[in-house]
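# Notes for the structure review
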Amino acid sequence: MLLMVRRQAPSAYIVLDPGHGGQDPGAVAPDGTREADLNLAQALTLKEYLVALGYRVGFTRTSDVYVPLSERIAMARRMGARLFVSVHHDTPTASRPGVYYSPHPGSEELARTVAAALGEGAWVRPSSASRFGRLYIDDFPGPAILVEFGPTRPTSREERIARAQAVASPIAEFTRRWTA
Ligand SMILES: [Zn+2]
């Protein structure tokens, strides 16, 4: 059964982008929990489920290093990525998860799919509604979303698994339709 799933999977390449890293910790919780660390842990867990579904997954970083935003997009392009999923956590006071989408066709649909899978009243917003007026995911030449998985606070492996399981299938399903 697993072999069948793998054979049917498209050659689409998903790039996961754990936000921040190195000198840029992202949001920091009162107890010192760094968003950059949460992002990497969540992205690595998500990868396990996407790989199990038969998808080739790339990363913009797999350790605690600083990678400039423009370089993240350039890396994804070099990997031939069809889909760009940036993994972030929100400020410690955030109450809900949410998903930003780039202006590229398909991004909004993917964002809505992922937000619905996340539940918890997750919001969906265009990147133009972010406090920067735009986001670096806008520079990716394909569907791109930036997921705020929840507030920056200590998360358990069980939480990361639950979140990864929730969004892996919707992402894989979208990829299959988008690249069909
Ligand atoms: Zn962030």
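Our subject is the structure that appears above.
Residues numbered from 1 in each chain as written. Predicted model: local features only at pLDDT ≥ 70, side-chain atom pairs only at ≥ 80, totals over all residues. Heavy atoms only, no water.

## Here's the deal with the nonpolar core
One recurring pattern in soluble globular proteins is that nonpolar side chains are buried together. Counting residues in hydrophobic clusters, the biggest one holds 28 residues, and the most contacted among them are V114, I145 and I171. Those elements that provide at least two residues to this core are strand 1 (13–18), helix 2 (35–52), strand 2 (56–59), strand 3 (83–90), strand 4 (98–101), helix 4 (107–118), strand 6 (144–151) and helix 5 (157–178). Ranked by residue count, the leading element in this core is helix 5, at 6 residues. In this structure I145 touches F84, V85, S86, V99, Y100, Y101, S107, L110, A111, V114 and I137, once residues within four positions along its chain are discounted. Among the nonpolar cores identified, the runner-up in size contains 14 residues, and I73, A81, A144 and L146 belong to it. (Core = buried A, V, L, I, M, F, W, Y, C linked by side-chain atoms within 4.5 Å. Buried < 20%, exposed > 50% of the residue type's maximum accessible area, 1.4 Å probe, protein only. Helix = DSSP H or I, 4+ residues; strand = E, 2+ residues; numbered from the N terminus. Contact = heavy atoms within 4.5 Å.)

## Looking at the coordination of the zinc ion
On the protein side, the zinc ion has H20 (NE2), E35 (OE) and H88 (ND1) as donor atoms, found 2.1 to 2.2 Å from it. Counting residues between consecutive donors of the zinc ion along the chain gives the motif H-x14-E-x52-H. In this pair, H20 is assigned in the loop between strand 1 and helix 2 and E35 in helix 2, connecting sequence segments 15 residues apart. Under the relative-accessibility criterion, E35 is labelled buried at 4%. (Donors = N, O, S within 2.8 Å, 3.2 Å for Na, K, Ca; no water.)

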